[in-house]
Amino acid sequence: MENVVITIARQYGSGGKTVGEMLAKELGINCYNREILRMASEDSGISEKLFGKVDERLDIGLLQKLTTKVYSGDLINPECDGFVSNDNLFNYQAKIIKQLARQESCVIIGRCADFVLRNFDNVASVFVHADREFCFDRAMERNSMTKREMERYIAKVDKYRGDFYHHYTGRDWTDARNYDLCINSGKLGFERCVEEIRSYLKIRFKE
């Protein structure tokens, strides 16, 4: 198989992004995160600021948050209403994710990439998680907040990601059945997480 793509979903503070970056470096491939927003902006002509505003979060009303708009692959034309809607912004990100999966081996962080690429045979999906204490301690190292503020922030970010994932996939973000591999970074450490993912890739893709 020419291209192998690893998608990384992650709880805030679990270090999933760090694991993805370390994995990409060891494999000698690109790691895509917020770069996808820029690429989607360039492809669509829509301001990157609009993509950033709804990056892995739902900027919509409460009623809409309780519903789903499962991604189907359709794009809204510039001439039509809804061209710059949240759902179409997601559609363009998904378009870029699919293009990357066809063009190169890479690591893709977040943005429901596991669901977008669910029908691709060259994709391994990973969910990185950790216990609350590990996530909290790591987040406190990188942010100037009180303990209470940080607890609320972690809960808020994870809720954003969970709602976002459910809206576009119809699935529970933390359901292990959505992923090929679930890894507890708090127990393994980042380097061992990378080792475990690489071991899985060797078995899965016989490389």
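Residues numbered from 1 in each chain as written. Predicted model: local features only at pLDDT ≥ 70, side-chain atom pairs only at ≥ 80, totals over all residues. Heavy atoms only, no water.

Comments concerning the overall build of the chain
Part 1 of the argument: A tally of regular secondary structure across the chain gives 10 helices and 5 strands.
Part 2 of the argument: Scaling as 2.2 N^0.38, a compact globule of 207 residues should have a C-alpha radius of gyration of about 17 Å, and the chain matches this with 17 Å.
Part 3 of the argument: Its C-alpha atoms give the chain principal-axis dimensions of about 50 × 50 × 30 Å.
Part 4 of the argument: Out of the 207 residues in the chain, the part that is buried amounts to 46%.
Part 5 of the argument: In the chain, 72% of the contacts between residues at least 6 apart in sequence involve partners at least 24 apart. (Helix = DSSP H or I, 4+ residues; strand = E, 2+ residues; numbered from the N terminus. Rg over C-alpha atoms; globule rule 2.2 N^0.38 Å. Buried < 20%, exposed > 50% of the residue type's maximum accessible area, 1.4 Å probe, protein only. Contact = heavy atoms within 4.5 Å.)

Regarding the side chain of Asp-55
Part 1 of the argument: Relative to the helices and strands, Asp-55 resides in the loop between α3 (48-53) and α4 (62-65).
Part 2 of the argument: In terms of polar contacts, Asp-55 uses its side chain to reach the side chain of Arg-34, at 2.9 Å.
Part 3 of the argument: Polar contacts involving the side chain of Asp-55 include one to the side chain of Arg-111, which spans 2.9 Å. (Polar contact = N/O pair within 3.5 Å; in protein donor to acceptor, adjacent residues only side chain to side chain.)

Let's talk about the packing of aromatic side chains
Part 1 of the argument: Summed over the entire model, instances satisfying the criterion amount to 10 aromatic pairs.
Part 2 of the argument: Measuring from ring centre to ring centre gives 5.6 Å for Tyr-71 and Phe-90, while their planes differ by 75 degrees; the resulting arrangement is edge-to-face. Of this pair, Tyr-71 sits in the loop between α4 and α5 (86-103) while Phe-90 sits in helix α5, and the two are 19 residues apart along the sequence.
Part 3 of the argument: Among the residues examined, Tyr-71 registers a relative accessible area of 5% and is labelled buried.
Part 4 of the argument: Accessibility expressed as a relative area gives 2% for Phe-90, which makes it buried.
Part 5 of the argument: The rings of Tyr-71, Phe-90, Phe-164 and Tyr-168 are connected pair by pair, giving a single aromatic cluster.
Part 6 of the argument: Directly above the aromatic system of Phe-115 lies the positively charged group of Arg-118, at a separation of 3.8 Å from the ring centroid. (Phe/Tyr/Trp six-rings, centres within 6.5 Å; stacked < 30°, edge-to-face > 60°. Lys NZ or Arg CZ within 6 Å of the ring centre and 35° of its normal.)

Examining the packing of helix α7 (residues 132-142) against helix α8 (residues 147-169)
Part 1 of the argument: The N-to-C vectors of α7 and α8 enclose an angle of 115 degrees; their axes lie 10 Å apart at closest approach. Here α8 runs roughly perpendicular to α7, going by the angle between their axes. Considering the relative orientation of α7 and α8, their crossing is right-handed. Where α7 approaches α8, its residues Cys-135, Phe-136, Ala-139 and Met-140 are matched on the opposing element by Lys-147, Met-150, Glu-151 and Ile-154.
Part 2 of the argument: In terms of residue class, the contact of α7 with α8 is built from 6 nonpolar, no polar and 2 charged. (Axes fitted to C-alpha atoms, helices over the stretch in contact; angles between N-to-C directions. Parallel < 35°, antiparallel > 145°, perpendicular 65-115°, else oblique. Left-handed = near helix turned anticlockwise from the far one by under 90°. Nonpolar A, V, L, I, M, F, W, Y, C, P; charged D, E, K, R; others polar.)

Quick word on the environment of Asn-184
Part 1 of the argument: Note on placement: Asn-184 falls in strand β5 (residues 181-184).
Part 2 of the argument: Owing to a relative accessible area of 17%, Asn-184 belongs among the buried residues under this scheme.
Part 3 of the argument: Sequence-wise, Asn-184 and Arg-102 are 82 residues apart; in three dimensions their C-alpha atoms are separated by 29 Å.
Part 4 of the argument: With sequence-adjacent residues up to four places away left out, Asn-184 is seen in contact with His-129, Ala-130, Asp-131 and Cys-193.
Part 5 of the argument: From its side chain, Asn-184 meets the backbone nitrogen of Gly-186 in a polar contact 3.0 Å long.

Thoughts on the packing of helix α2 (residues 35-44) against α5
Part 1 of the argument: Direction vectors running N to C along α2 and α5 enclose 105 degrees, while the axes themselves pass 9 Å from each other. By the angle between their directions, the pair α2 and α5 is classed as roughly perpendicular. Facing α2, whose interface residues are Ile-36, Leu-37, Met-39, Ala-40, Asp-43 and Ser-44, α5 presents Tyr-92, Gln-93, Lys-95, Ile-96, Ile-97 and Leu-100.
Part 2 of the argument: For the contact of α2 with α5, the class distribution of residues is 8 nonpolar, 2 polar and 2 charged.

Concerning the nonpolar core
Part 1 of the argument: With 36 residues, the main nonpolar core has Phe-90, Ile-108 and Leu-117 as its most contacted residues.
Part 2 of the argument: Listing elements by their share of this core, those giving two or more residues are β1 (5-10), α2, α5, β3 (106-109), α6 (113-116), β4 (123-129) and α8.
Part 3 of the argument: Examining the composition of this core, we find that 8 residues originate from one element, α5, more than from any other.
Part 4 of the argument: The contact partners of Ile-108, leaving out residues within four places of it in the chain, are Val-5, Ile-6, Thr-7, Ile-8, Tyr-32, Ile-36, Ile-97, Ala-113 and Leu-117. (Core = buried A, V, L, I, M, F, W, Y, C linked by side-chain atoms within 4.5 Å.)

All we've got here are geometric facts, nothing functional implied.
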